[in-house]
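Inside the fold
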Amino acid sequence: MATDRTSWDAREHRAHSASPGDSPEHALPGDAPRWPRDRAVDVRHIKLDVALDVPAKRVSGTATHTVRALNDGLSRIPFDAIDMRISAVTVDGKSATFHYDGSVLDVVLTPARERGAELILAITYEATPRIGLYFIGPDEAYPDKPLQVWSQGQDEDSRFWFPCYDYEGTKQTLEMLATVPSNWFALSNGRLVEDRANPGGTRTFHWLQELPLPTYLITLACGEFQRIDQSREGLTIDYFVEAEDAEDGARTFANTPEMIALFERLTGQPYPWAKYSQIVVRDFVFGGMENTSATTMTRNIIVDPKAARDFTSDDLISHELAHMWYGDLLTCRDWSHGWLNESFATYLELLWDESKHGIDDYRQGVIVNTDAYFGERYRRPIVTKVMREPIDIFDRHLYEKGSAVLHTLRGLLGDDQFFRSLQRYTRDNQHKSVITQDLIDAIEAETGRNLEWFFDQYVFRPGHPSFKVSWSWDEASSTASVCVKQTQKTDNGAAIFRIPVTIDFQAGRARPRPFKVEVSGAEHTFVFPLAKKPDLCRFDPYNRVLKELDFEKSIGELRLQLRIDDDIAGRQQAAASLGEKGGAAAVEALTAAVKGDRWWGVSAAAAKALGAVRTEAARDALISCLNARQHKVRRAVVAALGEFRGDESVFRALDPLAKRDQSWFVESEAHRSIGKLRVAGSFDRLVAGMERPSFRQLIRQGCIDGFVELRDERGFEHLLTAAKYGAPHQSRQAATSAVGRLGACFPERKRPLGEDLGTLLRDPDFRIRSAAAGALRAIMDERQVDALDAMAARELDGRGVRAAREAALNIRKGTDTTAEVKALRDDLEKLRDENRALRDRVTKVEGGKPGG
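Residues numbered from 1 in each chain as written. Predicted model: local features only at pLDDT ≥ 70, side-chain atom pairs only at ≥ 80, totals over all residues. Heavy atoms only, no water.

Tallying secondary structure elements over the chain gives 25 helices and 31 strands in all. At 28 Å, the chain has a C-alpha radius of gyration in line with the 29 Å of a compact globule built from 852 residues. Across the 852 residues of the chain, 61% fall into the buried class. The contacts in the chain between residues at least 6 apart in sequence include a share of 71% that link residues at least 24 apart. Total accessible area on the chain is roughly 32,600 Å²; 49% of this is exposed by carbon and sulfur atoms. Measuring between centres, the 115 positive side-chain charges of the chain sit 3 Å from its 127 negative side-chain charges. (Helix = DSSP H or I, 4+ residues; strand = E, 2+ residues; numbered from the N terminus. Rg over C-alpha atoms; globule rule 2.2 N^0.38 Å. Buried < 20%, exposed > 50% of the residue type's maximum accessible area, 1.4 Å probe, protein only. Contact = heavy atoms within 4.5 Å. Areas by Shrake-Rupley, 256 points an atom, 1.4 Å probe, with all protein chains shown as cover. Lys, Arg positive; Asp, Glu negative; His and termini not counted. Charge placed at Lys NZ, Arg CZ, Asp CG, Glu CD.)

Read across the sheet, three strands follow the order 4-8-7 without closing on themselves; strand pairing throughout is antiparallel. If you trace the sheet from one side to the other, it starts and ends with strand 4 (74-80) and strand 7 (98-100), each paired once. Strand-to-strand, the axes of this sheet are offset by a mean angle of 20°, without reference to chain direction. Judged from the six bridges that link them, strand 4 and strand 8 (residues 104-113) form a sheet pairing that is antiparallel. (Pairing = 2+ DSSP bridges. Axes fitted to C-alpha atoms, helices over the stretch in contact; angles between N-to-C directions.)

The subject of this paragraph is helix 15 (residues 648-659). Taking 1.5 Å of rise per residue, the 12 residues of helix 15 would be expected to cover 16 Å, and the 17 Å separating its terminal C-alpha atoms lies within 8% of that figure. Within the sequence span of helix 15, burial applies to Val650, Phe651, Ala653, Leu654, Asp655, Leu657 and Ala658. On its buried face, helix 15 sits against helix 13 (616-624), helix 14 (631-641), helix 16 (664-677) and helix 17 (682-689). (Expected span 1.5 Å × (residues − 1).)

Time to look at helix 7 (residues 436-447). Here helix 7 is 12 residues long and its end C-alpha atoms lie 17 Å apart, about the 16 Å a rise of 1.5 Å per residue gives. Of all the residues in helix 7, the buried ones are Thr436, Leu439, Ile440, Ala442, Ile443 and Thr447. Along the axis of helix 7, the buried positions cluster into a sector of 160°, meaning they face one direction only. Where helix 7 terminates, the next one or two residues include glycine 448, which has phi positive at roughly 80°. (Arc of directions from axis to C-beta.)

Assignment of secondary structure puts glycine 800 in helix 24 (residues 798-813). Judged by relative accessible area, which is 0%, glycine 800 ranks as buried. Residues glycine 800 and proline 181, 619 residues apart in the sequence, show an inter-C-alpha distance of 33 Å.

Under the definition given, this model contains five cavities of 30 Å³ or more. What the second largest cavity holds in volume is close to 50 Å³. Lining the second largest cavity are Phe344, Leu406, Leu409, Phe418, Ser421, Leu422, Leu439 and Ile443. Mapped by element, the contributors of at least two residues to the lining of the second largest cavity are helix 6 (397-429) and helix 7. Taken together, the residues that form the lining of the second largest cavity break down as seven nonpolar, one polar and no charged. (1 Å grid on protein atoms, 1.4 Å probe; cavity = no way out; pocket = protein on both sides within 12 Å on 5 of 7 lines; lining within 4 Å. Points joined across faces, edges and corners; volume = space filled by probe spheres on them. Nonpolar A, V, L, I, M, F, W, Y, C, P; charged D, E, K, R; others polar.)

What follows concerns the sheet that holds strand 18 (residues 236-241). Spatial strand order, 17-18-19-21-20: five strands in an open sheet with mixed pairing. Single-partner strands in this sheet number two, and they are strand 17 (226-229) and strand 20 (288-289). Here strand 19 (residues 275-281) pairs with strand 21 (residues 294-298) via five bridges, running parallel. Bridge pairing links glutamine 278 to threonine 295 in strand 21. Sheet strands touched by helix 2 (residues 256-267): strand 18 and strand 19. Its angle to strand 18, the strand with the most contacts, is close to 140°. Helix 3 (residues 314-322) contacts strand 19, strand 20 and strand 21 of the sheet and is inclined by roughly 150° relative to strand 21.

The next thing to look at is the pattern of salt bridges. Under the criterion given, the structure shown has 76 salt bridges. In this structure, the salt-bridge partner of glutamate 643 is arginine 614, at a minimum N-O distance of 3.2 Å. Pair noted here: glutamate 643 is in the loop between helix 14 and helix 15 and arginine 614 is in the loop between helix 12 (600-613) and helix 13, with a separation of 29 residues, a long-range link. Of the residues examined, glutamate 643 reaches a relative accessible area of 18% and is grouped as buried. Ionic pairing is found between arginine 777 and glutamate 806, a salt bridge with its closest N-O pair at 3.2 Å. Here arginine 777 is found in helix 22 (residues 766-779), whereas its partner glutamate 806 is found in helix 24, with 29 residues between them in sequence. Accessibility assignment for this pair places arginine 777 and glutamate 806 in one class, buried. (Salt bridge = Lys/Arg side-chain N within 4 Å of Asp/Glu carboxyl O.)

To continue, consider the confidence of the model for the chain. In this model, the chain carries an average pLDDT of 94, and 93% of its residues clear a pLDDT of 70 or more. Low pLDDT, under 50, characterises residues 5-23; the predicted model gives this stretch 63 contacts beyond four residues in sequence or across chains. (pLDDT = per-residue confidence, 0-100.)

Another point: the side chain of asparagine 291. Looking at where asparagine 291 falls in the secondary structure, it is placed in the loop between strand 20 and strand 21. A polar side-chain atom of asparagine 291 sits 3.3 Å from a polar atom in the side chain of threonine 219. Ignoring sequence-local partners within four residues, the contact set of asparagine 291 consists of Asn189, Tyr216, Leu217, Ile218, Thr219, Thr296, Met324 and Asp328. (Polar contact = N/O pair within 3.5 Å; in protein donor to acceptor, adjacent residues only side chain to side chain.)

Cis peptide bonds are those with omega within 30 degrees of zero, and the linkage from threonine 110 to proline 111 qualifies with 0°. Mapped onto the elements, proline 111 comes out in strand 8. In this structure, aspartate 155 follows glutamine 154 across a cis peptide bond, with omega equal to 5°. Mapped onto the secondary structure, aspartate 155 falls in the loop between strand 11 (148-151) and strand 12 (171-181). Even without being a glycine, lysine 57 presents a positive backbone phi close to 55°.

Let's shift gears to the environment of aspartate 597. Looking at the secondary structure, you find aspartate 597 in the loop between helix 11 (584-596) and helix 12. Here aspartate 597 is in contact with Leu562, Arg571, Ala592, Val602 and Ser603, once residues within four sequence places are set aside. Of the polar contacts made by the side chain of aspartate 597, one reaches the side chain of arginine 571; its length is 2.9 Å. At a separation of 2.8 Å, a polar atom in the side chain of aspartate 597 contacts the main-chain amide nitrogen of tryptophan 599.

A separate point is the packing of aromatic side chains. Summed over the entire model, instances satisfying the criterion amount to 40 aromatic pairs. Summarising the aromatic geometry, the rings of tyrosine 142 and tyrosine 725 are spaced 5.1 Å apart at their centres and angled 85° between planes, so their arrangement reads as edge-to-face. Taken together, the positions of tyrosine 142 in the loop between strand 10 (133-136) and strand 11 and tyrosine 725 in the loop between helix 19 (715-723) and helix 20 (732-743) put the pair 583 residues apart, joining distant regions of the chain. Classification of tyrosine 725 as partly exposed rests on a relative accessible area of 35%. An aromatic cluster is present here, built from Tyr326, Trp339, Phe344, Tyr425, Trp453, Phe454, Phe455, Tyr458 and Phe497 joined pairwise through their rings. Arginine 379 extends its terminal NZ or CZ atom over the ring of tyrosine 373, reaching a point 4.7 Å from the ring centre. Across from the ring centre of tyrosine 362, 4.9 Å away, lies the NZ or CZ of arginine 410, which sits over that ring. (Phe/Tyr/Trp six-rings, centres within 6.5 Å; stacked < 30°, edge-to-face > 60°. Lys NZ or Arg CZ within 6 Å of the ring centre and 35° of its normal.)

Take a look at the structure:
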């Protein structure tokens, strides 16, 4: 499963940004360990024979379960079934007694069965699901929306549309007979056995999934779609999109067959299912869902020709495909080990990038994922049982941190042992439910290496190492000394890490000389004999270890590193450090990197660093880089220019790009930066931009952020209009959140804004409800706490529940300090502007001469 990805580069926009009053703890009051469930029977097979009543938003039919008793004396079998009307239950064809309380169906067995006895239970039912099965269609606000029906079972929502044992740790085979309107197509798991036209204007699709799958991966997606066929010999590969999206859909999914071939090679296992279909639906509640053999995708995945210049949906496509092995073929036994699904899929995104685009693309992905994890507002063990609902742990630890841990594991083992271990783990555990120990055992069985210490510190405990590093040279002994300190907090259970690291030294453009050391204590000093004084020292070149690094260096060494380091992470770190130091020499080096570095990520980092310098020289350098040919570099330059608040010359440079650029993302960023400038023309440019249609409403989203940055009360009208039901749906969530972000700057408007946001707590879209809860937390409106409690009580989507709980908790814990926070923020911005002026004066005194 992947979260909805609506940004120019999905990985770059996964990180949460902390809101005022955010708690640093993941567990909320009342959260407790969640243990795996007991089972009365082993479910062997499910047959669903269902019909859809689309106008009534109702599903009816029979769910037939073939089960085997696990113990003697089996007298009752419970099924999860929420808000259903149960009309009949039979056991082996005979009517059976049952009890139903609206959430659990208890089937009584008379007489009791012995261990190993096989039974067939048929449950005839009807349901109008609130979640689990979604009926999509037009209404007054969105009259052009097509009719569609689709399911979403993860994490435990299948129980809302058919009776089942709704738990991730069990698997069974499946038969799906779905009766739908005659002009519709219905997709489900496995192979299509029959497509039958019925009297009365309906059609029945009969699917058979012959290999076992978890209940949460059972799928049904129905509507009018056009099929795009990209099959290979022996495997059906196809995509289903709305007819108007056919051309863009073919472009979007074109790399799928190549991805399948790559993952077969990496895992050592052929694609395991009868087909691979991807179907694009409206209003999907996630980015994608890896239903076995039949992935459901958000319509946001479709890429138009202009967006394709600097954007691809390959990360989402490869993520969901990777789940066909990690999540479907091997499934976490319970959600506490969910990283074995999600981190693996996230990591295979990077392996696709490496195969398709090269090692630097892979390494850039590692950098972005690591930064996304660092942006998470709390630290928790990757494997944890403490949660209210499983969705609570689908966060940056489960996705990005876990992928960075796998990257670190690859560096520790080396490619040969890493990929052999990956294949051993996959081969030995296919069609099984797995826990993290299964991965540890596979590594030991394949390589002889016991890495329990590694998993203990990175997976079963919170946090990561934070290294503070410095180095010095002793001419008398011809030695370099490297001091390494671990500075991470350990009071939350984080370890003092043990990790092998490479330290190398380079003189001029000679080949670096590497030394392997092991860091295992809070502080080390390593001494290395060298023939002569090096010009450059690197700690963990090629960024093989998940860590934070503070490496103090001179401007001269940083300039050299930015110029000659063959590691893109090292060059980006050097750029950031130069931005912090500032000065004419730093500006000169950063400008050269923006214009001339061979990797776009380094150029973008250098542009960001120039924005941090904030001198006139840095501004002029950035303006001179606005003609960068690489779209991502140009976007970074535009973003950096937003740091020059009040500068009319920057507005004049950005305004043409806001009106028109080859990239949607550059246009969006230009509006965002224009808002940050807070000049006379900013407001009118943002108002105009709000009306421009664009890919995924990117320009409108840039304007929404721009209104927040502008700090103009006139922006509230536009934000509230953009948040209303009926406004372009792709930007409603951003607009709702922005009301809270801007509202935090105007505490006197807390009450009316709170009332507006309180209304949105009952919006039809759970994303808007969740965003409204977060916005209320931002403005700290204590009058809405009861409404937040009510939302948490009624909400069915766990993400909405958590958003409401967090907001209510933070408001209750806090006091009305909004005015004080605003004053502090204003003082900070004033100080930043004064610092920029001081830097300009210092630079002029230096005469622009390079420093050492």
